[in-house]
Amino acid sequence: MRLATSLNGHSYRFTGVTDVLAKASEPKSGDRLTGIAAETATERLAAKVVLSELTVGDLTENPTVPYEDDEVTRVNWEGLNQPGYQSMKTMPIGELREWVLDHKTTPDVLKRCGRNFVGEVASAVAKIMTSMDLVYGASKIRYVTHCNTEIGQAGTISYRAQTNSTTDDPETIVLGLAEAVSFGCGDACLGINPVGDDAANTKRIADAVWNFMARNEIPTQVVVLSHITTQMEAVRRGAPLSMIFQSIAGTQGANDDFGVSKELLEEAYELVKQHGQCQGANLLYFETGQGSEVSIGRDRGVDEQTLEARTYGFGRFFRPFMVNNVSGFIGPETIYDGKEMIRANLEDHFMGKFLGLPMGMAPCWTNHTSITMDDQQQATMLLALAGANYYMGIPLADDVMLAYQDTSFHDDATLRELLGRTAAPEFHRWMVSRGLCDESGVLTERAGDGSIFF
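If you're wondering where the values come from, they're calculated on a predicted model, not measured in any experiment.

Colleague: Pulling in residues and values, what's your account of helix α18 (residues 338-354)?
Modeller: The end-to-end C-alpha distance of α18 is 24 Å, a good match for the 24 Å that 17 residues give at a rise of 1.5 Å each. In terms of residue burial, α18 counts as a mostly covered element, since 16 of its 17 residues are buried. Immediately beyond the C-terminal end of α18, within one or two residues, lies Gly356, with a positive phi of roughly 110°.

Right, dumping it as structure tokens:
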């Protein structure tokens, strides 16, 4: 591998794949915090030049975390289609970028080739892309998944209705859901983050949400986002969950801290397949975001964008129904300001789709960052243009339990109207039948009145 170049009369030499990937990253506070970021813009550009000349094989066969001591690396490798990988392993990363953006590379070709690459390759090609490249490249790729209903079809944008309660009060949660679905949020799922992580509480919330959904014949999925083992125990006790949720990360050390492994995820899938309220083949829901490994000291000296891409290579092995990215959620130690948040979200959406995942996005922020609502809405519109499968639906954009800002019910309705999109087909037909929107998906005057469901 050639790991050196000269720019402006200066020579730049990098110590290996991990170093050149880190130095080629667009600025992120997490990389600065760990001391691996480029020191100057010229050094960053030099790293991009070197990276563009490395091949798919160079990055695949020199993983940032060794194969023998990291499960995420092994699952990335095990998820490869070997004939496909072999056919493209000599392609330089610069040519791979051109191939992705070429009109001759159709959406069907990109989908077929998703398993040709590991996370390091996805990260590398994203690092030498502009924002418009990332939007255009991602817009060419669309994945449809099926739990109880299907999301991700062309002409649609879906939303998760997230109406959390600071006291896990089922009545408060259901009142919020009534408002959410009246605005058209909830076709991706009705998903609640509980305060208390125990099986009885998880079942209590799931029962209330399921009863509300069944009583009103709402075609969607139910999930309660307690720990994976808590949800599994709740399912064993009869909780009506449609799928199992878990946060995942880009190193085995971080996953160990999260209490999750490949074996546990496979066990959860089999459990919910047999005993969950679900009909399709996609039964897991993952949440990710740049910087999670850095925030718990499990980054292994790898840049946060590459760790995020490795997370996607791990997650695709399990054919999830939903993958939700929340870069910006942790705080300024990982994503400092709006520019960093927007760039991270565009990178993550592209990398996830490039590797074969149905990406949902939650461009978000906490109040102790330098991110604003304008930044968040700009990211949301760019990601909608890029074809994100779904977003969150939060009352007034402010999650009072998790203490962060995200997309509101009103934002979600605006996105659909701006782009001429509808809800997922079954949910859209349900909305029309309830007089909540017209055939084109535009909301009626009845929308926003949750009292109609009681």
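Colleague: Tell me what's going on with the packing of aromatic side chains, and back it up with residues and numbers.
Modeller: Each pair of aromatic rings is reported with the distance of its centres and the angle of its planes. Applying the stated criterion across every chain, the model contains 14 aromatic pairs. Ring geometry for Phe317 versus Phe318: centroids 5.3 Å apart, planes at 75°, classification edge-to-face. Its relative accessible area of 6% is what places Phe318 among the buried residues. Here the aromatic rings of Phe329 and Tyr404 are separated by 5.0 Å at their centres, their planes lie at 80°, and the arrangement is edge-to-face. Of the two residues, Phe329 is situated in the loop between β10 (322-325) and α18 and Tyr404 in strand β14 (residues 404-405); the sequence distance between them amounts to 75 residues.

Colleague: Account for a nonpolar patch on the surface, naming residues and giving values.
Modeller: A contiguous nonpolar patch, built from Met381, Leu385, Leu418 and Leu419 and spanning about 390 Å² of accessible area, is present on the exposed surface. Put simply, the parts of the chain that give the nonpolar patch at least two residues each are α19 (373-386) and α20 (409-419). Mapped onto the fold, Leu418 is located in helix α20.

Colleague: An account of the layout of surface pockets is needed here, citing residue identities and associated values.
Modeller: Estimates place the volume of the largest pocket at around 570 Å³. What lines the largest pocket is a set of 27 residues, among which Phe245, Ser247, Glu287, Val326 and Phe329 lie closest to the centre. Breaking the lining of the largest pocket down by element, the ones donating at least two residues are β8 (244-247), β9 (284-288) and α16 (292-295). Among the elements that line the lining of the largest pocket, the one with the most residues is β8, at three residues. Considered class by class, the residues forming the lining of the largest pocket number 12 nonpolar, 12 polar and three charged.

Colleague: Outline the environment of Thr60, listing residues and values.
Modeller: Mapped onto the elements of the fold, Thr60 is located in helix α4 (residues 56-60). With near-sequence residues (within four places) excluded, Thr60 lies in contact with Trp77, Leu80, Tyr85, Val118 and Val121. Here the side chain of Thr60 touches Val56 through a polar contact of 2.7 Å, landing on its backbone oxygen.

Colleague: Give me the lowdown on empty space enclosed by the protein, citing residues and values where you can.
Modeller: Enumeration over the complete set of coordinates arrives at two cavities of 30 Å³ or more. One number sums up the size of the largest cavity: a volume of about 50 Å³. Taken together, Phe183, Ala413, Arg416, Glu417, Gly441, Val442 and Leu443 make up the lining of the largest cavity. Within the lining of the largest cavity, the residues separate by chemical class into four nonpolar, one polar and two charged. Estimated volume of the second largest cavity: approximately 30 Å³. Considering the residues around the second largest cavity, the lining is formed by Ala22, Ser25, Glu26, Pro27, Lys28, Asp31, Ala37, Ala38 and Arg44.

Colleague: How would you explain the packing of helix α12 (residues 199-215) against helix α13 (residues 228-236) if you had to name every residue and give the values?
Modeller: Packed helices, taken two at a time, are described by their axes: the angle between them and the distance between them. With their axes 8 Å apart at the nearest point, α12 and α13 run at an angle of 65° to one another. It follows that α12 is roughly perpendicular to α13 by the angle criterion. The crossing of α12 and α13 is right-handed. Residues Ala199, Thr202 and Lys203 of α12 touch α13, and the partners they reach there are Thr230, Glu233 and Ala234. The class makeup of the residues in the contact of α12 with α13 is two nonpolar, two polar and two charged.

What counts as what
Residues numbered from 1 in each chain as written. Predicted model: local features only at pLDDT ≥ 70, side-chain atom pairs only at ≥ 80, totals over all residues. Heavy atoms only, no water. Helix = DSSP H or I, 4+ residues; strand = E, 2+ residues; numbered from the N terminus. Expected span 1.5 Å × (residues − 1). Buried < 20%, exposed > 50% of the residue type's maximum accessible area, 1.4 Å probe, protein only. Phe/Tyr/Trp six-rings, centres within 6.5 Å; stacked < 30°, edge-to-face > 60°. Patch = residues over 30% accessible without salt bridge, like charges linked within 9 Å, V, L, I, M, F, W, Y side chains within 5 Å. Areas by Shrake-Rupley, 256 points an atom, 1.4 Å probe, with all protein chains shown as cover. Salt bridge = Lys/Arg side-chain N within 4 Å of Asp/Glu carboxyl O. 1 Å grid on protein atoms, 1.4 Å probe; cavity = no way out; pocket = protein on both sides within 12 Å on 5 of 7 lines; lining within 4 Å. Points joined across faces, edges and corners; volume = space filled by probe spheres on them. Nonpolar A, V, L, I, M, F, W, Y, C, P; charged D, E, K, R; others polar. Contact = heavy atoms within 4.5 Å. Polar contact = N/O pair within 3.5 Å; in protein donor to acceptor, adjacent residues only side chain to side chain. Axes fitted to C-alpha atoms, helices over the stretch in contact; angles between N-to-C directions. Parallel < 35°, antiparallel > 145°, perpendicular 65-115°, else oblique. Left-handed = near helix turned anticlockwise from the far one by under 90°.

These figures come from the coordinates and say nothing about function on their own.
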